[in-house]
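# Examining the three-dimensional arrangement
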Amino acid sequence: MRFLVFISAFCIFYINSAIAHTTLIDVQVRSFIPGASNSVAYFTLDNDTKDIRTLVSAEVEGIKRVEIHQHKFINGMMKMSRLHSLDINAYHQVHFRPGGLHLMLFEPIQFPKPGDKIKLTLHFTKGESISIQADVIKLGEEKQNHSHH
Ligand SMILES: [Cu+2]
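Summary of the structure given here. (Residues numbered from 1 in each chain as written. Predicted model: local features only at pLDDT ≥ 70, side-chain atom pairs only at ≥ 80, totals over all residues. Heavy atoms only, no water.)

## Re the packing of aromatic side chains
For the coordinates displayed, the defined rule picks out two aromatic pairs. Centre to centre, the rings of Phe 32 and Phe 111 are 5.2 Å apart; their planes meet at 85°, and the pair counts as edge-to-face. Highlighted residues: Phe 32 in the loop between strand 1 (22–30) and strand 2 (38–47) and Phe 111 in the loop between strand 8 (102–108) and strand 9 (117–124), separated in sequence by 79 residues. On the basis of relative accessibility, which here comes to 9%, the residue Phe 32 falls in the buried class. Consider the rings of Phe 43 and Phe 96, whose centres lie 4.3 Å apart with planes at 25°: the pair is stacked. You can see Phe 43 sitting in strand 2 and its partner Phe 96 sitting in strand 7 (residues 92–96), a full 53 residues away along the chain. (Phe/Tyr/Trp six-rings, centres within 6.5 Å; stacked < 30°, edge-to-face > 60°. Helix = DSSP H or I, 4+ residues; strand = E, 2+ residues; numbered from the N terminus. Buried < 20%, exposed > 50% of the residue type's maximum accessible area, 1.4 Å probe, protein only.)

Next comes the structure, spelled out in structure tokens:
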């Protein structure tokens with residue numbers, strides 16, 4: 001009996017690892033500050049596959065234009081620049097967080113409200129995409145656990 005339990009546990013583990021995924025973790029869309037024309041979204045992207053995944057674009061429900069941005073020091077100034085693709089190496093995580101990579105949200109058709117859940121979709125090469133229902137969070141209410149500044 002114990003042996004059977006072991007065998008079935010092993011099978012479940014094996015099936016799980018066979019359908020390795022790229023997953024979105026801790027997704028947060030920030031609500032627009034009153035008067036601001038843009039906002040941001042943060043998350044962790046976990047590539048649990050043996051292949052490089054290449055992020056090429058993103059969509060957020062109710063937002064007309066979404067860009068992938070990074071922060072860079074240029075002449076001693078922190079500046080944002082747009083990325084047209086981002087590689088996530090096999091078995092690696094990429095963090096989108098304040099002061100680093102982020103999704104920039106422009107031209108809202110509908111302003112995301114704190115407490116709402118809205119759909120966020122990431123598009124990869126080869127036509128692959130992943131979607132999640134993201135939490136909308138007000139500036140200052142975001143989780144602090146990833147802060148390293
Ligand atoms: Cu930006």
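Picking up after the structure, the text goes on.
## Here we look at the environment of His 92
Structurally, His 92 is set in strand 7. His 92 sits in the partly exposed class, given a relative accessible area of 44%. For the pair formed by His 92 and Asp 48, sequence separation is 44 residues and the distance between their alpha carbons is 7.0 Å. When near neighbours in sequence (up to four residues on either side) are disregarded, His 92 contacts Leu 45, Asp 46 and Asn 47. Here Ala 90 takes part through its backbone oxygen, which lies 2.8 Å from a polar atom of the side chain of His 92. (Contact = heavy atoms within 4.5 Å. Polar contact = N/O pair within 3.5 Å; in protein donor to acceptor, adjacent residues only side chain to side chain.)

## Topic: the coordination of the copper ion
With distances of 2.1 to 2.2 Å, the protein atoms coordinating the copper ion are His 69 (ND1), Met 80 (SD), His 102 (NE2) and Met 104 (SD). Of note is the copper ion, whose four donor atoms meet at the metal with angles of 92 to 119° in an arrangement that counts as tetrahedral. Each donor residue of the copper ion belongs to the same chain, and together they define the spacing H-x10-M-x21-H-x1-M. Here the residue Met 80 occupies a position in strand 5 (residues 77–83), and Met 104 occupies one in strand 8, the gap between them amounting to 24 residues. The class of Met 80 is partly exposed, set by a relative accessible area of 42%. (Donors = N, O, S within 2.8 Å, 3.2 Å for Na, K, Ca; no water. Tetrahedral: all angles 85-135°; square planar, octahedral: opposite > 155°, others 65-115°.)

## Description of the pairing of strand 2
Burial of strand 2 is extensive: nine of the ten residues sit out of reach of the surface. Sheet topology places strand 1 next to strand 2; six bridges connect them, and they run antiparallel. The residue bridging Gln 28 from the neighbouring strand is Tyr 42, located in strand 2. One ladder, built from four bridges, connects strand 2 with strand 8; its direction is antiparallel. For Asn 38, the partnering residue across the bridge sits in strand 8 and is Phe 106. Direction of pairing for strand 2 relative to strand 7: antiparallel, over a ladder of five bridges. Following the sheet pairing, Thr 44 is matched in strand 7 by His 95. (Pairing = 2+ DSSP bridges.)

## Digging into the pattern of salt bridges
With the rule as written, the count across this model stands at seven salt bridges. With a closest N to O distance of 3.2 Å, Arg 53 and Glu 128 form a salt bridge. Remark: Glu 128 occurs in the loop between strand 9 and strand 10 (129–137) and Arg 53 occurs in strand 3 (residues 53–60); sequence separation between them is 75 residues. What makes Arg 53 buried here is its relative accessible area of 12%. (Salt bridge = Lys/Arg side-chain N within 4 Å of Asp/Glu carboxyl O.)

## As for the side chain of His 102
Inspection of the secondary structure puts His 102 in strand 8. According to the relative accessible area criterion, His 102 is buried, its value standing at 1%. One polar contact links the side chain of His 102 to the main-chain carbonyl oxygen of Gly 100, over a distance of 3.0 Å.

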